[in-house]
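What the coordinates show
Residues per chain, in single letters:
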Amino acid sequence: MAAYLCPPTVIHGKHAVTTSQIVAEVSDRHRHAAWAPRIDGIAASTGIETRGWMLPLETAVAPGNGSGLRAVGIEPAQQALARDGFTEHDVERVISALESIPAPQTIQERTAPAWEAVQSYGEHAARGALQSAGLDATDIDCVITSNSTTPALPGLDIALANKLQLRSDVMLLPATQWACIAGTRSLALAANLVAADPDRVVLIVIAEALSTTYQPADDTLESLIVRLLFADTAVAAVVTGRPRPDSVLRLDAAWHHTLPGTQDLHRLETRADGTHFVMDRRGPRAVQETVTAMWDWLRVRYQDEPGSWHPDVLLAHPGGTRVLEYMEQTMPDAWPSGLLDYSRDSYTSGNRGGAAVFDILRRAYDAGRLKPGDRAVLYAAAPGLTATALEGEWL
């Protein structure tokens, strides 16, 4: 399994949303929530001060275009009030009051502008990746796309095929439900594709508007944490079966792992007002199980040189600080410190979901401290609960 990765392009959300803005908005809306007295400490514990969104915060918290009567309609409401003995004058007053109450945004109102942004950001990232690899759109044989937060049919793959004017015979492989694992799993799939045909050129594009999970009405502690964590990002990269002058990483092996009975720990739920990301407090512990399983995979892979081998960089989608801490605690003592520095740096500006691993890899590339021959391990876990890791060599 030899696949070669060109430098990824990373496009961050252009709207800077600060933690203090989120805290102010949530505090004003949920001042009586059980966690309200602790909100400043909870926000500080994330370690995130600013994150980039594709759309501004005001878009996420704006009311819908309809009124409080949108669900039932004016005439049924009038009839119901009249049956309850309200006078005609009182009915008019009540109806007028209800019409003045803004309704929450509908799924369409919330998702439509985000979907447009996802397509635009995805195109921008794709063009950057092609330029970085020194390729034209006509050189692409396959496109792998992922976007879990803005469902659409046709999807991002078709949008890019048209926007980039790809060849009509290009293989399109959309994977809308990969979520946080999109970075590593798309690379594993691309590696399999170029192994079957070394002349094949694969373009990976991941565009996530995670800010669409910001649901103003939710008053749970988990919803507060979701609001504080997520950032919007689009990434893209080219994978080839033969080394190119701009190749930065050779992928040598991939590993997959799924924990049975954990499908409810992290999940997206579609409700009347849009998409909600639901977290279970048992989630981090389950993710840690996949980390332990990954160490076992690497231990077996390098059992003939256990004392001399170690990764020189670990590009791990963190999910949260607890997972990073667990990774460090369970690494062999002989491994050098600082393997997760780029992961920590990425996390300080938000959890990027499926785009995270490419963002972390780009940070490692831009730092310029890795040298040819250095070993790299890429890891991510996603709702399911499922994980994919890759191991390779810096070029």
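Residues numbered from 1 in each chain as written. Predicted model: local features only at pLDDT ≥ 70, side-chain atom pairs only at ≥ 80, totals over all residues. Heavy atoms only, no water.

1. Looking at the overall build of the protein
- Of the regular secondary structure elements, the protein holds 13 helices and 14 strands.
- The globule rule puts the C-alpha radius of gyration for 395 residues at 21 Å, and the 23 Å found for the protein is close to it.
- Evaluated residue by residue, the protein yields a buried proportion of 54% over its 395 residues.
- Residue pairs at least 24 apart in sequence account for 81% of intrachain contacts in the protein once pairs closer than 6 positions are excluded.
- Accessible surface, the protein as shown: approximately 17500 Å² in total, 51% of it carbon and sulfur.
- When the 33 positive and 47 negative side-chain charges of the protein are each reduced to one mean point, those points stand 2 Å apart. (Helix = DSSP H or I, 4+ residues; strand = E, 2+ residues; numbered from the N terminus. Rg over C-alpha atoms; globule rule 2.2 N^0.38 Å. Buried < 20%, exposed > 50% of the residue type's maximum accessible area, 1.4 Å probe, protein only. Contact = heavy atoms within 4.5 Å. Areas by Shrake-Rupley, 256 points an atom, 1.4 Å probe, with all protein chains shown as cover. Lys, Arg positive; Asp, Glu negative; His and termini not counted. Charge placed at Lys NZ, Arg CZ, Asp CG, Glu CD.)

2. A short note on helix 9 (residues 221-229)
- With seven of its nine residues buried, helix 9 lies for the most part within the structure.
- For helix 9, the full list of buried residues reads Leu221, Ser223, Leu224, Val226, Arg227, Leu228 and Leu229.
- In this fold, the buried residues of helix 9 make contact with helix 1 (19-29), helix 2 (39-45), strand 4 (50-53), strand 11 (274-279) and helix 12 (341-347).

3. Things to note about unusual backbone geometry
- Residue Pro154 is reached from Leu153 by a cis peptide bond, and omega for that bond is 0°.
- Among the structural elements, Pro154 can be located in the loop between strand 5 (142-146) and helix 7 (156-163).
- In this model, Gly384 is joined to Leu385 through a cis peptide bond whose omega is -5°.
- Here Leu385 is to be found in the loop between strand 13 (375-382) and strand 14 (386-394).
- Of note in the backbone geometry, Ala179 takes a positive phi value of approximately 55° without being a glycine.

4. Some remarks on the pairing of strand 5
- Counting buried residues along strand 5, five of its five residues qualify, which places the element largely inside the surrounding structure.
- Residues Cys142, Ile144 and Ser146 point to one face of strand 5 and Val143 and Thr145 to the other, with burial holding for every one of them.
- Judged from the four bridges that link them, strand 5 and strand 6 (residues 171-174) form a sheet pairing that is parallel. Pairing of Cys142 across the sheet is with Met171, part of strand 6.
- In terms of handedness, the path from strand 5 via helix 7 over to strand 6 forms a crossover that is right-handed.
- Across five bridges, the pairing between strand 5 and strand 7 (residues 201-208) is parallel. Among the inter-strand pairings, Thr145 is bridged to a residue of strand 7, identified as Val205. (Pairing = 2+ DSSP bridges. Right-handed = clockwise from strand over helix to strand, strands pointing away.)

5. Considerations on the pattern of salt bridges
- The full count for this structure, using the stated rule, is 23 salt bridges.
- Among the salt bridges present, the one from Arg363 reaches Asp359, with a minimum N-O distance of 2.8 Å. Highlighted residues: Arg363 and Asp359, both in helix 13 (residues 356-367), separated by four residues, approximately one helical turn.
- The buried category is assigned to Asp359, whose relative accessible area is 2%. (Salt bridge = Lys/Arg side-chain N within 4 Å of Asp/Glu carboxyl O.)

6. Topic: the packing of aromatic side chains
- In the structure shown here, the tally under the stated rule is six aromatic pairs.
- Centre to centre, the rings of Tyr302 and Trp309 are 4.1 Å apart; their planes meet at 10°, and the pair counts as stacked. Accessibility assignment for this pair places Tyr302 and Trp309 in one class, buried.
- Every member of this aromatic cluster is reached through a ring pair, and the members are Trp295, Tyr302, Trp309 and Trp335.
- Over the face of the ring belonging to Tyr214 we find Arg227, whose NZ or CZ atom lies 5.3 Å from the ring centre. (Phe/Tyr/Trp six-rings, centres within 6.5 Å; stacked < 30°, edge-to-face > 60°. Lys NZ or Arg CZ within 6 Å of the ring centre and 35° of its normal.)

7. Regarding the nonpolar core
- Core analysis: the biggest nonpolar cluster contains 41 residues, and Ile144, Leu187, Val202, Ile204, Val239, Leu249 and Leu378 have the highest contact counts within it.
- The dominant element in this core, judged by the number of residues it contributes, is helix 8 (residues 182-196), at seven residues.
- Discounting chain neighbours no more than four positions away, the residues touching Leu187 are Leu5, Ile204, Val239, Leu251, Phe358, Leu378 and Leu390. (Core = buried A, V, L, I, M, F, W, Y, C linked by side-chain atoms within 4.5 Å.)

8. Observations concerning the side chain of Gln105
- Tracing the sequence through the fold places Gln105 in the loop between helix 5 (88-99) and helix 6 (107-133).
- A distance of 2.8 Å separates a polar side-chain atom of Gln105 from the backbone oxygen of Thr59.
- Once residues lying within four places of it in the same chain are set aside, the contact partners of Gln105 are Thr59, Ala60, Val61, Ala62, Pro63, Gly64, Arg70, Arg110, Ala272 and Asp273. (Polar contact = N/O pair within 3.5 Å; in protein donor to acceptor, adjacent residues only side chain to side chain.)

9. Section: helix 7
- Among all positions in helix 7, only Leu156, Asp157, Ala159 and Leu160 are buried. In a view along the axis of helix 7, the buried residues occupy a sector of 160°, so they form one face of it.
- On its buried face, helix 7 sits against helix 6, strand 5, strand 6 and strand 7.
- Phi turns positive one or two residues past the end of helix 7, at Gln165, with a value near 55°. (Arc of directions from axis to C-beta.)

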